[in-house]
Amino acid sequence: GEFVLHYQPLVRASDGQLEGMEALLRWAHPQRGLVPPLAFIELAEELGCIEAIGAWVLDEACGQLARWRAQGLGPRRIGVNVSAHQLRSTQLTAHVQACLTRHGLPAEVLVLELTESAAMAQPEASIRCLQSLRALGVSLSIDDFGTGYSSLAYLKLLPIQSLKLDRSFVRDIEHSENDAAISAATLALAHTLGLHAVAEGVETEGQRRFLQAQGCDLLQGY
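Residues numbered from 1 in each chain as written. Predicted model: local features only at pLDDT ≥ 70, side-chain atom pairs only at ≥ 80, totals over all residues. Heavy atoms only, no water.

## A word on the state of the cysteines
Item 1. Taken as a whole and judged by the stated rule, the model has 0 disulfides.
Item 2. Of all cysteine sulfurs in the structure, the one in C99 sits closest to C129, which takes part in no disulfide; the separation is 15 Å.
Item 3. The buried category is assigned to C129, whose relative accessible area is 9%. (Disulfide = S-S within 2.5 Å. Buried < 20%, exposed > 50% of the residue type's maximum accessible area, 1.4 Å probe, protein only.)

## Quick look at the nonpolar core
Item 1. Counting 58 residues, the largest nonpolar core has L110, L112 and L211 as the members making the most contacts within it.
Item 2. Examining the composition of this core, we find that 9 residues originate from one element, helix α2 (residues 50-70), more than from any other.
Item 3. In this view, L211 contacts L165, V170, I173, L187, A199, V202, C216 and L219; residues no more than four positions away in its chain are not counted. (Core = buried A, V, L, I, M, F, W, Y, C linked by side-chain atoms within 4.5 Å. Helix = DSSP H or I, 4+ residues; strand = E, 2+ residues; numbered from the N terminus. Contact = heavy atoms within 4.5 Å.)

## Thoughts on helix α6 (residues 123-136)
Item 1. With 14 residues, α6 should cover 20 Å at 1.5 Å per step; its first-to-last C-alpha distance of 20 Å lies within 8% of that length.
Item 2. For α6, every residue scored as buried is listed here: P123, S126, I127, C129, L130 and L133.
Item 3. Buried positions along α6 lie against α3 (84-87), α4 (92-103), β5 (110-115), α5 (116-121), β6 (139-145) and α7 (152-155).
Item 4. Taken from the residues just after α6, G137 is the one with a positive phi, measuring 110 degrees. (Expected span 1.5 Å × (residues − 1).)

Set out below in structure tokens:
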């Protein structure tokens, strides 16, 4: 009972309007305070409880979105992270469908986010699972793009709708020509593949201007 979700807004680069939220897991530890997921997710995977945690996150996030919608509030979509362990579960698609039904949500309001490393760990199995999820009508996004061992040959086969440019490239785009070039190339790649482009870690006006000029669709802070 110590897990909590924090929500990070995604806004449209064109006009700053709220488009979505990403649900971010925190452990409200009674002694250590808020513990970020990087400090405990790997342990949860080793202990075999990551699927239970992932199921709780999905249910809690969908429930929160349903409550916001009932109050006439945004956002239009909610993003939930999916681990490699969850992708290997044969029950993931059924659980997602049951969660949407339980909270009275249409499938298109849910965005499932996975890292490229998770997607590429077992690419054939991941593609089958993602195709099944996509058939439900949910959207799929590759998170932290550019930081894993991506294969463009597999990337084109994944039934995804968006790429998220990692914060590590966004952070120094105002000062680093290399980061600016990588960011611009990633956004161009996303659009060439017919995908929405999302930039993470946008914290300054200069970053916003650069990303908007490069045609980035959505901006997410940190």
